[in-house]
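Each chain is listed here by its residues.
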Amino acid sequence: MVQLTTEPMTVKTPAGTLEGDLVMPPPARAVVLFAHGSGSSRRSPRNRAVAEQLQNAGFGTLLLDMLTSDEAATDQRTHEFRFDIELLAERLIPAIDALDSWRATRGMPVGLFGASTGAAAALKAAARRPERVAAVVSRGGRPDLGGDGLAEVQAPTLLIVGGDDREVLNLNRQAAELLTSLPLTDVKIEIVPHAGHLFEEHGALDKVADMAGRWFCQYLGAGHDKPTGPDGGHFKPPEPRRRPPTT
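Residues numbered from 1 in each chain as written. Predicted model: local features only at pLDDT ≥ 70, side-chain atom pairs only at ≥ 80, totals over all residues. Heavy atoms only, no water.

In total, this model carries 13 salt bridges according to the counting rule given. Ionic pairing is found between Asp65 and Arg42, a salt bridge with its closest N-O pair at 2.5 Å. On the criterion of sequence distance, the pair formed by Asp65 in the loop between strand 4 (60-64) and helix 2 (69-78) and Arg42 in the loop between strand 3 (31-35) and helix 1 (45-56) is long-range, its members being 23 residues apart. Accessibility assignment for this pair places Asp65 and Arg42 in one class, buried. Across the pair Arg129 and Asp97 runs a salt bridge whose closest N-O atoms are separated by 2.9 Å. Within this pair, whereas Arg129 is found in the loop between helix 4 (117-128) and strand 6 (133-139), its partner Asp97 is found in helix 3 (residues 85-99), the two being separated by 32 residues in sequence. Residues joined by salt bridges that share partners form a network here, namely Asp21, Arg42, Arg48 and Asp65. (Salt bridge = Lys/Arg side-chain N within 4 Å of Asp/Glu carboxyl O. Helix = DSSP H or I, 4+ residues; strand = E, 2+ residues; numbered from the N terminus. Buried < 20%, exposed > 50% of the residue type's maximum accessible area, 1.4 Å probe, protein only.)

The next point concerns the confidence of the model for the chain. On average, residues of the chain carry a pLDDT of 88, and 88% of them reach 70 or more. Across residues 227-247, confidence stays below pLDDT 50; counting only partners more than four residues off in sequence or on other chains, it has 39 contacts. (pLDDT = per-residue confidence, 0-100. Contact = heavy atoms within 4.5 Å.)

Ordered in space as 1-2-4-3-5-6-7-8, the 8 strands form an open sheet in which the pairing is mixed. Because the sheet does not close on itself, it has two edges, and the strands there are strand 1 (6-13) and strand 8 (187-192). On average, each strand axis in the sheet is tilted by 20° relative to the strand beside it, whichever way the strands run. Here strand 2 (residues 16-23) runs beside strand 4; their pairing, made up of 4 bridges, is antiparallel. Looking across to strand 4, one finds that Leu22 is bridged to Leu62. Its contacts with the sheet place helix 1 against strand 2, strand 3, strand 4, strand 5 (110-115) and strand 6, and it is angled at close to 165° to strand 4. (Pairing = 2+ DSSP bridges. Axes fitted to C-alpha atoms, helices over the stretch in contact; angles between N-to-C directions.)

Topologically, Arg91 is positioned in helix 3. In contact with Arg91, not counting residues within four places along its chain, are Thr13, Ala15, Leu18, Leu64, Met66, Leu67, Thr68 and Glu71.

A general tendency of soluble globular proteins is for nonpolar side chains to be buried together. Core analysis: the biggest nonpolar cluster contains 42 residues, and Leu33, Leu92, Trp102, Leu112 and Val136 have the highest contact counts within it. No other element matches helix 3, which puts 9 residues into this core. Excluding residues within four positions of it along the chain, Leu33 makes contact with Leu62, Leu64, Leu92, Ala95, Ile96, Leu99, Gly111, Leu112 and Phe113. (Core = buried A, V, L, I, M, F, W, Y, C linked by side-chain atoms within 4.5 Å.)

A separate point is the packing of aromatic side chains. As enumerated under the stated definition, the model contains 3 aromatic pairs in all. Where Phe34 meets Phe113, the ring centres are 4.8 Å apart and the plane angle is 35°; that geometry is what we call tilted. Of this pair, Phe34 sits in strand 3 while Phe113 sits in strand 5; the two residues are 79 residues apart in sequence, bridging distant segments of the chain. Assigned by exposure class, Phe34 and Phe113 land together as buried. (Phe/Tyr/Trp six-rings, centres within 6.5 Å; stacked < 30°, edge-to-face > 60°.)

Looking at the element boundaries, Leu178 is found in the loop between helix 5 (166-176) and strand 8. Sequence-distant contacts of Leu178, defined by excluding residues within four places in its chain, comprise Leu150 and Ala151.

As a further point, take the pairing of strand 8. The sheet contact formed by strand 7 (residues 157-162) and strand 8 spans 6 bridges and is parallel. Bridge assignment links Val161 to a residue of strand 8, and that residue is Ile191. Read as a crossover between parallel neighbours, the route from strand 7 over helix 5 to strand 8 is right-handed. (Right-handed = clockwise from strand over helix to strand, strands pointing away.)

This is the structure:
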């Protein structure tokens, strides 16, 4: 078994430096950037669990702090940043651009994985970097907070919601209707039965990771459906599909 190495990375923003952890398994041909939300960080155990399974499926991952250290300390006291979707989206833009400048990830298709409020930020960022972001996955997210920006998203989007998280499920259904730049086949809601908002139930996160891996495998043209080791996997480039413009 190959021992994967975590490489500390930094992303420069006008407000300061963001800390990130990059893992690139040997067969990686695409990279997934994680967007945390609601007071979390790159150390989120749930996102790290999903990231590990994506790595086993042949994807690189970048787990990134969305706030500078000073902002994070302030947010712990005031909660003033965690629901600032515009600010969080603006933090993802330089991270997406950095992935195209680092040698380990240069030129690779990029997927975004957003949790909670990070899902709305991921969708906004995807809309602003349509040439770089090839797919988005939301876990227990609040895509509805993306507002008018949802209509500009061109990246195929998967919304994963716990079956017992009924209010968020309804909000995801409403948000899916607003992703009007995508054909219906490129927008999907997946429900994890008997799971709550945090997917703490036994096996729930495994199901999330499996759903996310299959989505990214389909649309990033990389990875493989089942972990087969560092040299395994079959890759099929996605076919671009877009909803015809309305007149």
